[in-house]
Amino acid sequence: MIDRRAALGLLGGAGAALSGCGRSDGVTRLTFWAMGAEGTSVQTMMPAFEAANPGIKVEVQPLPWTSAHQKLLTAYAGNSMPDLSQIGNTWVAELSAIGALSPTPAFAADLAQDQFPAVLETNAIDGRSVATPWYVDTRLIFYRTDLLARAGYDAMPTTWETWKASMHAVKRVAGSGNYAILLPVNEFEQLLTFGLQGDEALLRDDATRGNFSSPSFQAVLGFYKSLFDEGLAPLASSTQISNVWTEFARGYFSFYFSGPWTIGDMKSRLPPAIQPHWTTAGVPGPTGPGASAPGGSSLAVFRSSPNQEAAWKLVRFLSDPKIQAEFNVLTGDLPARPSAWAAPRVADDPYVAAFKGQLARAKAVPKVPEWERIVTEMQIVAERMVRGEFTVAAAGAEIDRRADRLLEKRRWMIEHGRAA
């Protein structure tokens, strides 16, 4: 395992954080950090857990997503970690690399039989689970059914070729000044989704070097660039779109990448006249329905916790399909366990159905601590490419160069037998 100081030198950020005080009244007090809306909603479920587990009390500390990642690293540096926390799936590799995560106990084998495989894979390091999926999401396509029908299509195309043809047709019927799809040039998620549909890995050589010059990713960059070159996507960042819902309603774009959180926004923000004319569908791929990245949040118990047994009881409680169905009612989050999708609110929502199929096709992203920085660099280069500064081949080579630089320490660690 990497020592604490070396790990923090790699990851950056140190300081102090608050932690609960020990008590000797025979009650086990768990500190549970949770983010965003989940941090508020999960508190309402704690009385049921505490009633079922006398002698355990849970203090939920809600955190904003914007500061949660750094706060966890700061708490690790200051020896003040909570007992358990909600974490983003893309944080698993980083927190595992510094030795913060407690491997899941035997009961996790039962949970593994009822999980989406790609989501489960994001929580495993070297074949062993170190976090437990809590809720899931992925990105797929929200689209205007009326404009697609006017363009001559009665269903969402499933291949890149047919999808692009439909985009040209949609742009014609949408009218002058409008486009087919929104691909904000400052967001990496859309390009990453296309990248996962290729048949070659995004990193090579034991995930120590970029593989963005591969024929597979070159095809992805070519397809992505063509959507701008052919006038199907506006050359704009998300900050240049004043109101996504207004623009979607007026037909400025008809295809929109997003996740399950957008269902509620569509229902509440689109005008009544547009409500019957939108739905969700899986992402097209090169030759058929394509992959996407598994998202959502997981539950992690930390090695530093003196309350391992109690913390894992809470994880198991929150992983119960009935509890996950209740949590869906509270938050709209999609359950991590497929068996919980039989709950009426999930099963009866026509906009949710496509997510189950998309999650079944999801592919885990590379599990290296540097991944979020790599995809940020990927998108910076991709934006320069669509603005004409790079050819497709040059863009792939430049992303590789930047990824290799970010992975330099990982290569050194593996070469010297010190990789986590």
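Residues numbered from 1 in each chain as written. Predicted model: local features only at pLDDT ≥ 70, side-chain atom pairs only at ≥ 80, totals over all residues. Heavy atoms only, no water.

> Can you break down the packing of helix 11 (residues 215-229) against helix 19 (residues 392-406) residue by residue, with the values?
At a closest axis distance of 9 Å, the pairing of helix 11 and helix 19 adopts a crossing angle of 120 degrees. Classified by the interaxial angle, the pair formed by helix 11 and helix 19 is oblique. Handedness of the helix 11/helix 19 crossing: right-handed. Together, Phe217, Gln218, Leu221, Gly222 and Lys225 of helix 11 and Val392, Ala393, Ala395, Gly396 and Ile399 of helix 19 make up the contact between the two elements. Broken down by class, the residue content of the contact of helix 11 with helix 19 amounts to six nonpolar, three polar and one charged. (Axes fitted to C-alpha atoms, helices over the stretch in contact; angles between N-to-C directions. Helix = DSSP H or I, 4+ residues; strand = E, 2+ residues; numbered from the N terminus. Parallel < 35°, antiparallel > 145°, perpendicular 65-115°, else oblique. Left-handed = near helix turned anticlockwise from the far one by under 90°. Contact = heavy atoms within 4.5 Å. Nonpolar A, V, L, I, M, F, W, Y, C, P; charged D, E, K, R; others polar.)

> Describe the side chain of Thr122, and please don't skip the residues or the numbers.
With respect to the helices, strands and loops of the structure, Thr122 is situated in helix 7 (residues 117-122). Side-chain polar atoms of Thr122 contact the backbone oxygen of Val119, separated by 2.6 Å. (Polar contact = N/O pair within 3.5 Å; in protein donor to acceptor, adjacent residues only side chain to side chain.)

> Quick rundown of the environment of His277? Include the residues and the values.
With respect to the helices, strands and loops of the structure, His277 is situated in the loop between helix 13 (261-269) and strand 12 (278-281). Overall, His277 belongs to the partly exposed group, its relative accessible area being 29%. Linking His277 and Arg144, residues 133 residues apart in sequence, is a C-alpha distance of 5.7 Å. Sequence-distant contacts of His277, that is, excluding residues within four places in its chain, are made with Tyr143, Arg144, Thr145 and Asp146. (Buried < 20%, exposed > 50% of the residue type's maximum accessible area, 1.4 Å probe, protein only.)

> Give a detailed account of the pairing of strand 13 (residues 295-301), specifying residues and quantitative values.
Among the seven residues that make up strand 13, seven are buried, leaving the element largely enclosed by the rest of the structure. Residues of strand 13 alternate between two faces, with Gly295, Ser297, Leu299 and Val301 on one and Gly296, Ser298 and Ala300 on the opposite face, all of them buried. When strand 3 (residues 84-88) meets strand 13, the two strands line up antiparallel, connected through five bridges. Along strand 13, the bridge assignment pairs Ser85 with Ala300. Sheet analysis places strand 6 (residues 132-137) next to strand 13, joined by five bridges and oriented antiparallel. When the sheet's bridge partners are listed, Tyr135 is paired in strand 13 with Ser297. (Pairing = 2+ DSSP bridges.)

> I'd like a description of the environment of Ala131, backed by residues and values.
Residue position: Ala131 is located in the loop between strand 5 (128-129) and strand 6. Spatially, the C-alpha atoms of Ala131 and Ser298 are 6.1 Å apart, while their sequence positions differ by 167 residues. Discounting residues that sit within four places of it in the chain, Ala131 has contacts with Ile87, Val92, Thr104, Asn123, Ser298 and Leu299.

> Report on the side chain of Ser129, specifying residues and quantitative values.
Here Ser129 shows up in strand 5. Not counting chain neighbours up to four residues away, the residues in contact with Ser129 comprise Pro103, Thr104, Asn123 and Ala124.

> So what's going on with the sheet that holds strand 6? Which residues, and what values?
Spatially, 2-1-3-13-6-14 is the arrangement adopted by the six strands of the open sheet, whose pairing is mixed. Only two strands of the sheet have a single neighbouring strand rather than two, namely strand 2 (56-63) and strand 14 (334-335). Where strand 1 (residues 28-35) meets strand 3, two bridges bridge the pair, whose relative direction is parallel. When the sheet's bridge partners are listed, Trp33 is paired in strand 3 with Ser85.

> An account of the pairing of strand 12 is requested, with residue identities and associated values reported.
Judged by which residues are buried, strand 12 turns out to be covered on both faces: Trp278 and Thr280 on one side and Thr279 and Ala281 on the other are all buried. For strand 7 (residues 140-144) and strand 12, the ladder comprises four bridges, and the chain directions are antiparallel. If you follow Arg144 over to strand 12, its bridge partner there is Trp278.

> I'd love a proper account of the pattern of salt bridges, names of residues and values included.
Here the structure, examined in full by the defined rule, presents 16 salt bridges. For Asp229, the salt bridge identified is with Lys225, shortest N-O distance 2.8 Å. Of this pair, Asp229 and Lys225 both sit in helix 11, four residues apart, which is roughly one turn of that helix. Its relative accessible area of 48% is what places Asp229 among the partly exposed residues. Two residues, Arg401 and Glu398, come together in a salt bridge whose shortest N-O distance is 2.8 Å. Note that Arg401 and Glu398 are positioned in helix 19 at a spacing of three residues, about one turn of the helix. For Arg401, a relative accessible area of 46% corresponds to the partly exposed category. Classification of Glu398 as buried rests on a relative accessible area of 12%. (Salt bridge = Lys/Arg side-chain N within 4 Å of Asp/Glu carboxyl O.)

> How would you summarise the packing of aromatic side chains if you had to cite specific residues and measurements?
This structure, assessed with the given rule, holds 23 aromatic pairs. Relative to Trp91, the ring of Trp65 lies with its centre 5.6 Å away and its plane at 70 degrees, an arrangement referred to as edge-to-face. Note that Trp65 is positioned in helix 4 (residues 65-77) and Trp91 in the loop between strand 3 and helix 5 (92-97), a separation of 26 residues in sequence. A relative accessible area of 34% places Trp65 in the partly exposed class. Residue Trp91 is classed as buried on the basis of its relative accessible area of 8%. Ring geometry for Trp134 versus Phe327: centroids 4.8 Å apart, planes at 15 degrees, classification stacked. Taken together, the residues Trp134 in strand 6 and Phe327 in helix 15 (residues 321-331) connect sequence positions 193 residues apart. On the basis of relative accessible area, Trp134 is assigned to the buried category, the value being 2%. Taking relative accessible area as the criterion, Phe327 reaches 3% and is therefore assigned buried. Through pairs of rings, three or more aromatic residues link up here, namely Tyr143, Trp160, Trp163, Phe194, Phe223, Phe255 and Phe257. (Phe/Tyr/Trp six-rings, centres within 6.5 Å; stacked < 30°, edge-to-face > 60°.)

> Describe the sheet that holds strand 12, naming the residues involved and giving the relevant values.
The strands that make up a sheet pair up through hydrogen bonds in the backbone, lying either parallel or antiparallel. Read from one edge of the open sheet, four strands run 8-11-7-12, paired in mixed fashion. Two strands in the sheet have a free side with no partner beyond their single neighbour: strand 8 (181-182) and strand 12. Here helix 9 (residues 160-174) sits on the sheet in contact with strand 7, strand 8 and strand 11 (255-258), set at roughly 125 degrees to strand 11. Sheet strands touched by helix 13: strand 7, strand 11 and strand 12. Its angle to strand 11, the strand with the most contacts, is close to 135 degrees.

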